[in-house]
Amino acid sequence: MEPNNPLYRFHFCPICGSNNFEEHAWNARRCKDCGFTLYTNPRGATVAVIINEKDELLVGTRVNEPAKGTYDLVGGFMDLNETAEQAMIREIEEESGIKVAESQLRYLFSQPNQYPYSGIVCHTIDLFFECRIESSTHIKSMDDIAGLQWIPIKDLDVEKIGLNSVRKGLKQYLQSR
């Protein structure tokens, strides 16, 4: 089992507590006592490529690790029973105060990611959405964003994006424009 797999850290069955909780596959552990199998599947996350009327990109500064102090795009983890579009709309409002409608979102592509959190590596699938907004006057950095700024796309230094999957996704987006 690869060391970045979160299952590497679990030694007891979460159902019966048995220590006979062994590797079953590259992405699973199985309890030899109760038969429970725990799989590691990627967690859904969203990333917003928000473009304003001046062809500027909304970029935030990360408050927390990983990549604290670097540029990032608005986004975050999906909640249970939430569609990707609902999660994207919620994250945009939570982190920037911008209220968008689902009709303003356009799904772009996905990127696999490994996101270090609380001592383990969370495997995610980052779903990128483009969101075009008409007015860029009402933004406010909130939640886990220290500051937000509009950067002309032509002036953007993608290497200042701290998270690998976001940087890779943004490069893919820019190449397709």
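Residues numbered from 1 in each chain as written. Predicted model: local features only at pLDDT ≥ 70, side-chain atom pairs only at ≥ 80, totals over all residues. Heavy atoms only, no water.

## Here's the deal with the side chain of E82
Structurally, the position occupied by E82 is in the loop between β7 (75-77) and α1 (84-96). Since its relative accessible area comes to 16%, E82 is described here as buried. Within polar-contact distance, the side chain of E82 engages the side chain of R90 at 2.7 Å. (Helix = DSSP H or I, 4+ residues; strand = E, 2+ residues; numbered from the N terminus. Buried < 20%, exposed > 50% of the residue type's maximum accessible area, 1.4 Å probe, protein only. Polar contact = N/O pair within 3.5 Å; in protein donor to acceptor, adjacent residues only side chain to side chain.)

## Some thoughts on α1
Taking 1.5 Å per residue, 13 residues should reach 18 Å; α1 reaches 18 Å between its end C-alpha atoms and fits that length. Residues of α1 that are buried: A84, A87, M88, R90, E91, I92, E95 and S96. Residues of α1 that are buried sit in contact with β4 (43-51), β5 (56-62), β7, β8 (105-117), β9 (120-132) and β10 (145-152). Backbone geometry just downstream of α1 places G97 in the positive-phi region, at approximately 80°. (Expected span 1.5 Å × (residues − 1). Contact = heavy atoms within 4.5 Å.)

## Some details on the sheet that holds strand β3 (residues 37-39)
Read from one edge to the other, the open sheet built from three strands follows the order β1-β2-β3, with strand pairing classed as antiparallel. At either end of the open sheet lies a strand with only one pairing partner, and these are β1 (21-25) and β3. Direction aside, neighbouring strands of the sheet carry axes that sit 30° apart on average. Judged from the three bridges that link them, strand β2 (residues 28-31) and β3 form a sheet pairing that is antiparallel. Looking at β3, one finds that R30 is bridged to T37. (Pairing = 2+ DSSP bridges. Axes fitted to C-alpha atoms, helices over the stretch in contact; angles between N-to-C directions.)

## Quick look at unusual backbone geometry
Between E65 and P66 the backbone carries a cis peptide bond, its omega angle lying at 0°. Among the secondary structure elements, P66 is positioned in the loop between β5 and β6 (71-72). Positive phi values are uncommon outside glycine, yet D55 reaches one of about 60°. As for its placement among the helices and strands, D55 is situated in the loop between β4 and β5. A residue is classified by how much of its surface remains accessible, and D55, at 30% relative accessible area, is partly exposed. One non-glycine residue, A67, lies in positive phi territory at about 65°. On the secondary structure map, A67 appears in the loop between β5 and β6.

## A look at helix α2 (residues 164-176)
For α2, which comprises 13 residues, the first-to-last C-alpha distance of 19 Å matches the rise-based estimate of 18 Å (1.5 Å per residue) to within 8%. Tucked into the core, α2 has its buried residues touching β4, β5, β6, β8 and β9.

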